[in-house]
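Overview (structure and organization)
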Amino acid sequence: MFAFLLLWGRNLAPIQSVLSSLGYVGIFFAGLLYAYSFTAVPATAILLLFARSENLYLAGLVAGIGALVGDFIFFKLMRGSFSEELHRLAREKVIINIGKRFHHFKRYALMILASIIIASPLPTELGVAMFSSLKEMTTKRFLIVAYLLHTFGIFIILLIGKTL
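Remember, it's a predicted structure, so these values are computed and weren't measured experimentally. Counting restarts for each chain: residues are numbered from 1 in the order of the written sequence. With pLDDT at 70 or above as the cut-off, local features in this predicted model cover only qualifying residues; side-chain atom pairs require 80 or more to be listed or tallied, and sums for whole chains, interfaces and linings still use all residues. Excluding hydrogens and water, the side-chain values take into account all heavy atoms of the structure.

Our focus in this paragraph is the packing of helix α8 (residues 106-119) against helix α9 (residues 124-132). Put simply, α8 and α9 touch, their axes get as near as 8 Å, and they point 150 degrees apart. Between α8 and α9, the angle is such that the two are roughly antiparallel. Remark: the crossing between α8 and α9 carries left-handed chirality. Side by side, α8 and α9 meet where Leu110, Met111, Leu113, Ala114, Ser115, Ile117 and Ile118 of the first sit next to Thr124, Leu126, Gly127, Val128, Met130 and Phe131 of the second. A fitted line through C-alpha atoms represents every axis, and for helices the fit uses only the stretch in contact; the resulting angles, taken between N-to-C directions, go from 0 to 180 degrees. The numbering of helices and of strands both runs from the N terminus, where a helix is a DSSP run of H or I of at least 4 residues and a strand a run of E of at least 2. Convention used here: angles under 35 degrees read as roughly parallel, angles over 145 as roughly antiparallel, angles from 65 to 115 as roughly perpendicular, and any remaining angle as oblique. Less than a right angle of anticlockwise turn of the near helix away from the far helix marks a crossing as left-handed, whereas a clockwise turn marks it as right-handed. When checking whether two residues touch, look at their non-hydrogen atoms; a contact exists if any pair is within 4.5 Å.

Time to look at the nonpolar core. Ranked by size, the top nonpolar core spans 18 residues in total, and within it Ile27, Tyr34, Leu47, Ile154 and Leu158 carry the most contacts. Residue assignment for this core shows that the elements contributing at least two residues are α3 (23-34), α4 (40-51), α5 (56-80) and α10 (139-163). With six residues, α4 is the single largest residue contributor to this core. By nonpolar core is meant a set of buried Ala, Val, Leu, Ile, Met, Phe, Trp, Tyr and Cys residues that side-chain atoms within 4.5 Å join together. The rule is simple: take the accessible area with a 1.4 Å probe, protein chains only, and divide by the maximum for that residue type; under 20% is buried, over 50% is exposed, in between is partly exposed. If you look at the next biggest cluster of nonpolar residues, it comprises 17 residues, including Phe75, Ala114, Ala119 and Leu149.

Contact geometry of α8 with α10 gives a least axis separation of 8 Å together with a crossing angle of 50 degrees. The angle between α8 and α10 falls in the class oblique. Across from Ser115, Ile118 and Ala119 in α8, the residues of α10 making contact are Ala146, Leu149, His150 and Gly153. Here the residues of the contact of α8 with α10 are counted per class, giving four nonpolar, three polar and no charged. Just so you know the grouping, Ala, Val, Leu, Ile, Met, Phe, Trp, Tyr, Cys and Pro go in nonpolar, Asp, Glu, Lys and Arg go in charged, and all remaining residues, Gly too, go in polar.

Encoded structure:
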């Protein structure tokens, strides 16, 4: 609801002007917020606002860096603090049965699904958790993939915002 009011609410014009005065620093923080479930929708609204006044290419690159910082924090948390919980979950009977059915293409399906989730304003934590569960997903590879996916998704949002 806040995102809707932020975009189309007449009473929130002062907030809109404060946000636009932040420039690329504000875009970076919008990207950072874009990476988390609870703040993805307001961050999308903020990016739509910035699309009206800022360079789309530079805004997309800067917001992509912000989203990458947010994802990197979560990726490190998943690989460090929650790794034992993920291993325990993988040993559950339900997960083992699902894994047996999709064994041949499980890794590729997981990569595709995680990529779609990260590129969209869906809860990115789920996609990051999927990537962190893959053994071949190194930190460097994750950083590259996550940045490209987020930047692509943010460019789409900015293009939509330019037409509004």
